[in-house]
Amino acid sequence: MRFILCLLLMMSNLAFDAQGASKLKIAQLSATVFQHTSLSDVDTYGLMAGNGLIVIEGKQAYLIDTPWSAADTKTLIQWVTAKGLTIGGVIITHFHLDSSGGLAVFNKLKIKTYATTLTNQLLKANNREPANNEITSDTFDLVSGAVQVYYPGPGHTRDNVVVWLAKSNLLFGGCLVQSFNSRKLLNIEDASIRDWPKSLQNVMAKYPNIDMVIPGPGQIGDVSLLELTQQLARKSQ
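Now for a quick tour of the structure. (Residues numbered from 1 in each chain as written. Predicted model: local features only at pLDDT ≥ 70, side-chain atom pairs only at ≥ 80, totals over all residues. Heavy atoms only, no water.)

## Here's the deal with the pairing of strand E9 (residues 139–143)
Then, in step 1: Pairing of E9 with strand E10 (residues 147–150) involves 4 bridges; the strand directions are antiparallel. Paired with Val143 across the two strands is Val147, which belongs to E10.
Then, in step 2: Between E9 and E10, which pair antiparallel in sequence order, lie 3 residues; one of them, Gly145, sits at a positive phi of approximately 75°. (Pairing = 2+ DSSP bridges. Helix = DSSP H or I, 4+ residues; strand = E, 2+ residues; numbered from the N terminus.)

## Section: the packing of aromatic side chains
Then, in step 1: Inspection of every chain in the model, using the stated rule, returns 4 aromatic pairs.
Then, in step 2: Pairing Tyr150 with Tyr207 gives two aromatic rings, centres 5.9 Å apart and planes at 90°, and the pair type is edge-to-face. Of this pair, Tyr150 sits in strand E10 while Tyr207 is found in the loop between helix H6 (196–206) and strand E13 (212–215), placing the two residues 57 residues apart along the sequence. Across the pair, exposure class does not vary: Tyr150 and Tyr207 are buried alike.
Then, in step 3: Here Trp164 and Tyr207 contribute two aromatic rings whose centre-to-centre distance is 4.7 Å and whose plane-to-plane angle is 20°, an arrangement assigned as stacked. With Trp164 in strand E11 (residues 162–165) and Tyr207 in the loop between H6 and E13, the pair connects residues that are 43 residues apart, well separated along the chain. (Phe/Tyr/Trp six-rings, centres within 6.5 Å; stacked < 30°, edge-to-face > 60°. Buried < 20%, exposed > 50% of the residue type's maximum accessible area, 1.4 Å probe, protein only.)

Next up, the structure:
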């Protein structure tokens, strides 16, 4: 936990407003991993943050989730380009806007975007643009040995996936995982609460060496975030 606290302090020093009035913030987690965070004013919950990642492999950057808005997505692309990197692919971890709000921007630029068959179906059902590449298996290696997508089962939504970064033992849990300050499950409109604890257990069994966990909203933590979310889901049943 001391490592996590030190990392949070480092992030607070590195986080910056990517463009004057932009709501996008980017913080460095390691030499090759950055966290992007964007904000949106949601009617039911007020101002909500959405986390995503930028994973650098050589001269390419792989993005996990998009910012909420097209404007912040364009800012993120500018940030990547300014570093002399090209975007090798974008993973959408579920169909909600905090994960996929900028998907159409990447599609328009002919950048490869990836989502599961179910996520694409849900995007289309909500009159939104699907990813241009479809993940058809429960485990998918976007970058062999570095970036792996895993579908553990329903939870926050029926389609939520997690992303494992093996080189840093980092799990992007997305909205399947709640943050430390959560006292209840957030946004359960599309949730499968009964299945949620089992899906989290599947993640912990699949990746037993998790050092760091990035939740959808909120601050980073460790595997205890998954355990906390399990408890909240069980209380909600």
